[in-house]
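A look at the structure
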Amino acid sequence: MMKKISRRSFLQACGIAAATAALTACGGGKAESGKGSSQNGKIQITFYLWDRSMMKALTPWLEEKFPEYEFTFIQGFNTMDYYRDLLNRAEQLPDIITCRRFSLNDAAPLAEHLMDLSTTEVAGTFYSSYLNNNQEPDGAIRWLPMCAEVDGTAANVDLFAQHNIPLPTNYAEFVAAIDAFEAVGIKGYQADWRYDYTCLETMQGCAIPELMSLEGTTWRMNYESETEDSSTGLDDVVWPKVFEKYEQFLKDVRVQPGDDRLELNPIAEPFYARQTAMIRTTAGIADVMPDQHGFNVSMLPYFGETANDSWLLTYPMCQAAVSNTVAQDEAKLAAVLKVLEAVYSADGQNKMAVGAAVLSYNKEVNITSSASLEHVADIISANHLYMRLASTEIFRISEDVGHKMITGEYDAKAAYDAFNEQLVTPRVDPEAEVLFTQNTAYSLDMADHGSAAASSLMNALRATYDASIAVGYSPLVSTSIYCGDYSKQQLLWVMAGNYAVSQGDYTGAELRQMMEWLVNVKDNGANPIRHRNYMPVTSGMEYKVTEYEQGRFRLKEVAINGAPLDDTATYTVFVAGTDVWIENEAFCNCPMPENLKAKRTEYAIEKVDSCSCLKDSLAVSKQFPAPSEYLTIVQGE
């Protein structure tokens, strides 16, 4: 096993150096925050979400279930680096944090800032075999896995029956099925090889028996328990076999030149058209295929030599942890643990899954029945559920090495050597170059006149094309704006996503209609403001709303520089947002008025998005601009 300078030590040193430089330059650099233990008699809980999908059903359910708590839900990012950056900025971690791409290796720099949950009641609800994956060498458990996505192979059962090809039960039969379909002009198997997760999951999936052996689990424990003094490379027992099996797997599924560029749609469409018999996907996606495409689907596992060697590859929809600052307030600690117990209950995990086919790592928790998983019921009963190893570097290296195996550049031996070399070599992120130093900090917190950070962001976006007004919707801001150095990645972390942008002329009447669409509760009860901190953000224009019930608003006034909006005037308006957030019934369920949708489409800026706009704007200004008081909230009827 090769040992070199630890990646963790290397990355921590880089992070500390960057933070020190930033704080020294700014004399502290923290955005003033209104965070506290209670507000208006309610305990405040900040809950960071790895993805907006958590706001489909889970977050509204939590607000309804716990009216005594004041939640602030923030759409964050699916990487531990995001949370580490908050710490490097001398910011406290939010009360509850989540991340989907997870390994103890990645999470280690956060450990001292997180609570040990091993003795809590919610930890006691898990099967120990799964929770052990998250156990640190001293026995601490700081991260709890949410219900499991199931990854494997979706098979068109009707196509198998039509051609009298039996569903496979082991690897040899899987290969035989591929050959049989190819013989009649049907692609036997295809995968969306372009993505890092496909390379990672198929690479690990084809060799799960080896990875779950004593040698394999010992290696994984060593890798997940790296210290600052050493870095764990691949072993010489398990991993050579992994690459040998992966090389054979790629040959058996008949990868072709150019397959490394295949994305989801180019493999899904032939599958829906009965031109491909099997594709890599998840049970959640497979479950909707019968209704949407008119054929029956079964999930198949990653096959071993015998049926007893077959496994399903799983990964938690996310992992959750709690900041150790929560323990400083007994009332808040009790509240947060109560929320965690709700999240990991059967109801909570069902809200998280939103009807998708998932499995639970918790005892006596049944999530959703799934027709697509009936064929692998014995595998589930045998507890042959492998939890993928999903550190940031394993994703990155799997993509690089996997693609080079697909193109034929690497054989199994070369792949092993390249993977190992990247694993033990510290990597400097090219996006860590400092772009500018921010001189003034602006808080993310929502106040009666809006969020200062959100306003600053929207002012920056408006400046990109010199619009007179800008309107932003969707979860827009993910962090406060800090005083200090900003790299490209830190810059993009300010914005909670990458949004479609458009710019064109709107009358004042159309602007007022847009704001009514974004604020007012609809006749059917649909609310465009899912959470209070996700109210629309404007630049160059102010608006006033009446909060007539908690979380329900009515547009009262719209003004330009204090003067009432002129309905007959024409304004150049920049718009940024994710329309699905407002329109989709899984979120706000407030369809855009047809005349506004037509303009949104007509004015779309081609080959441009909100991230590129932000980079272009700040490349010129080298500063996040000062915020504006764009919003006034009044209480009334």
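I will try to describe carefully the structure that is included in this document. (Residues numbered from 1 in each chain as written. Predicted model: local features only at pLDDT ≥ 70, side-chain atom pairs only at ≥ 80, totals over all residues. Heavy atoms only, no water.)

Once that is clear, we can look at the state of the cysteines. For the coordinates displayed, the defined rule picks out 0 disulfides. Cys 199 takes part in no disulfide bond, and the closest cysteine sulfur to it belongs to Cys 206, at a distance of 12 Å. Judged by its relative accessible area of 0%, Cys 199 falls in the buried class. (Disulfide = S-S within 2.5 Å. Buried < 20%, exposed > 50% of the residue type's maximum accessible area, 1.4 Å probe, protein only.)

Taken together, the 5 strands give an open sheet; going across it, the order is 20-17-24-19-25, and neighbouring strands pair in mixed fashion. Since the sheet does not close on itself, it has two edges, and those belong to strand 20 (537-539) and strand 25 (604-609), each with one partner. Taking the axes of each pair of neighbouring strands and ignoring which way they run, one obtains an average angle of 20° across the sheet. Where strand 17 (residues 469-472) lies against strand 20, 3 bridges are found, and the strand directions are antiparallel. If you follow Ala 470 over to strand 20, its bridge partner there is Ser 539. Set on the sheet, helix 24 (residues 610-621) makes contact with strand 19 (500-507), strand 24 (570-577) and strand 25; between it and strand 25 the angle comes to about 75°. (Pairing = 2+ DSSP bridges. Helix = DSSP H or I, 4+ residues; strand = E, 2+ residues; numbered from the N terminus. Axes fitted to C-alpha atoms, helices over the stretch in contact; angles between N-to-C directions. Contact = heavy atoms within 4.5 Å.)

Structurally, Ser 345 is set in the loop between helix 14 (330-343) and helix 15 (346-353). Expressed as a C-alpha distance, the spacing of Ser 345 and Leu 131, which sit 214 residues apart in the sequence, is 16 Å.

One pass over the full model with this rule turns up 35 aromatic pairs. For the ring pair Phe 102 and Trp 143, a centre distance of 5.4 Å and an interplane angle of 55° mean the geometry is tilted. In this pair, Phe 102 sits in the loop between strand 4 (96-99) and helix 4 (104-107) while Trp 143 sits in the loop between helix 5 (128-131) and strand 5 (144-145), placing the two residues 41 residues apart along the sequence. When sorted by exposure, Phe 102 lands in the same class as Trp 143, which is buried. Seen from their ring centres, Tyr 534 and Trp 581 are 5.9 Å apart, and the 85° between their planes marks the pair as edge-to-face. Remark: Trp 581 occurs in helix 22 (residues 579-583) and Tyr 534 occurs in the loop between helix 21 (508-519) and strand 20; sequence separation between them is 47 residues. Exposure class is identical for Tyr 534 and Trp 581. Each is buried. Through a chain of ring-to-ring contacts, three or more aromatic side chains come together here, namely Tyr 171, Phe 174, Tyr 189, Tyr 246, Phe 249 and Phe 303. Directly above the ring of Tyr 506 sits Lys 599, whose terminal nitrogen or CZ lies 5.2 Å from the centroid. (Phe/Tyr/Trp six-rings, centres within 6.5 Å; stacked < 30°, edge-to-face > 60°. Lys NZ or Arg CZ within 6 Å of the ring centre and 35° of its normal.)

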